[in-house]
Amino acid sequence: GILGPNGSGKTTLLNILTQRLQPDQGEVDLGINTVFGYFDQHSQDLDPNLTIYEHVQQIGQFITLHDGTQLSATKLLERFLFPSQMLKTKIGDLSGGERRRLHLVCILLTNPNFLLFDEPTNDLDITTLSILEEFLLNFAGCVIVISHDRYFMDRVIDQLLIFEPGGRISHFTGNYSDYIEESKSEAKLQKSTSIPATTP
């Protein structure tokens, strides 16, 4: 998980990792078999005249799960709340939330082994987020999440990168709540040690 104030470079880091941006210095060294799936704050362009099924068939037929089994595109769509009777629906007839959900399914169908999410809780409803959480808990690859949603972060991440003032990045092992609790403990400790000792 990545934490930090707005403008601290969180999204920039993801864009550099996925080579949408070039770093000002240094280089990005990607694993030879790395396949990114990037769910950012912008939906892909979807042809409004295609049905859900027609669009998905252009992306992929199945995904491979962590245990090696394969899940068909239609089964994945069902898991993310697109039942079979919806598959003939034209994309132009979908709501904004349904398009975001379809965009997410299409990303997963590319069979990525490295998923990146930039504020996914801004766009997905609670039910979809719960389904996504369960999927990520069983995902065998790497996941990076930028989110201000404490519950979502607690569920899916076990390490944090903290973007601090001055361009410093620190590492924390644990989830969001663990970090908040430790930060409170450190603040109390600093406050108690900064009080000057008084002589009787």
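Each value, and the rule that gives it
Residues numbered from 1 in each chain as written. Predicted model: local features only at pLDDT ≥ 70, side-chain atom pairs only at ≥ 80, totals over all residues. Heavy atoms only, no water. Helix = DSSP H or I, 4+ residues; strand = E, 2+ residues; numbered from the N terminus. Buried < 20%, exposed > 50% of the residue type's maximum accessible area, 1.4 Å probe, protein only. Contact = heavy atoms within 4.5 Å. Areas by Shrake-Rupley, 256 points an atom, 1.4 Å probe, with all protein chains shown as cover. Lys, Arg positive; Asp, Glu negative; His and termini not counted. Charge placed at Lys NZ, Arg CZ, Asp CG, Glu CD. Salt bridge = Lys/Arg side-chain N within 4 Å of Asp/Glu carboxyl O. Polar contact = N/O pair within 3.5 Å; in protein donor to acceptor, adjacent residues only side chain to side chain. Phe/Tyr/Trp six-rings, centres within 6.5 Å; stacked < 30°, edge-to-face > 60°. Lys NZ or Arg CZ within 6 Å of the ring centre and 35° of its normal.

## Things to note about the overall build of the protein chain
Phase 1: Across its full length, the protein chain holds seven helices and eight strands.
Phase 2: Oriented by its inertia axes, the alpha-carbon framework of the protein chain measures out at about 80 × 40 × 35 Å.
Phase 3: Counting every position in the protein chain, which comprises 200 residues, the buried fraction comes to 38%.
Phase 4: Long-range pairs, those at least 24 residues apart, make up 61% of the contacts in the protein chain with a sequence separation of at least 6.
Phase 5: Carbon and sulfur atoms make up 50% of the accessible area of the protein chain, which amounts to about 11800 Å² in all.
Phase 6: Within the protein chain, one finds 15 positive and 25 negative side-chain charges whose respective centroids are separated by 5 Å.

## Topic: the side chain of Arg101
Phase 1: Topologically, Arg101 is positioned in helix α4 (residues 96-108).
Phase 2: For the buried Arg101, no salt bridge exists, and the shortest N-O distance to an oppositely charged side chain is 4.3 Å, to Asp125.

## Quick word on unusual backbone geometry
Glycine aside, negative phi is the norm for most residues, and most peptide bonds take the trans geometry.
Phase 1: Positive phi outside glycine occurs at Gln19, with the angle close to 65°.
Phase 2: Of note, the phi angle at Leu81 is positive, near 70°, even though the residue is not glycine.
Phase 3: Within the secondary structure layout, Leu81 lies in the loop between α3 (73-79) and α4.
Phase 4: Owing to a relative accessible area of 33%, Leu81 belongs among the partly exposed residues under this scheme.

## Thoughts on the pattern of salt bridges
Phase 1: This model, assessed by the stated rule, comprises five salt bridges.
Phase 2: Across the salt bridge formed by Arg20 and Asp40, the nearest N and O atoms sit 2.7 Å from each other. Of the two residues, Arg20 sits in the loop between α1 (10-17) and β2 (36-39) while Asp40 sits in the loop between β2 and α2 (52-59), which places them 20 residues apart along the sequence.
Phase 3: Taken together, the salt bridges that share partners define one network made up of Glu133, Glu134 and Arg155.

## A few points about the side chain of Asn175
Phase 1: With respect to the helices and strands, the residue Asn175 is situated in the loop between β8 (169-173) and α7 (176-193).
Phase 2: The exposure class of Asn175 is buried, given its relative accessible area of 18%.
Phase 3: At a separation of 3.1 Å, a polar atom in the side chain of Asn175 contacts the main-chain amide nitrogen of Ser177.
Phase 4: Setting aside residues up to four positions removed in sequence, Asn175 forms contacts with Met153, Asp154, Ile157 and Leu160.

## Some points on the packing of aromatic side chains
Phase 1: Throughout the structure, instances matching the rule amount to five aromatic pairs.
Phase 2: Measuring from ring centre to ring centre gives 5.5 Å for Phe172 and Tyr179, while their planes differ by 70°; the resulting arrangement is edge-to-face.
Phase 3: Residue Phe172 is classed as buried on the basis of its relative accessible area of 11%.
Phase 4: Look at Tyr179 and you get partly exposed, because its relative accessible area is 22%.
Phase 5: Linked through ring pairs, Phe80, Phe135 and Phe139 together constitute an aromatic cluster.
Phase 6: Arg101 extends its terminal NZ or CZ atom over the ring of Phe82, reaching a point 4.7 Å from the ring centre.

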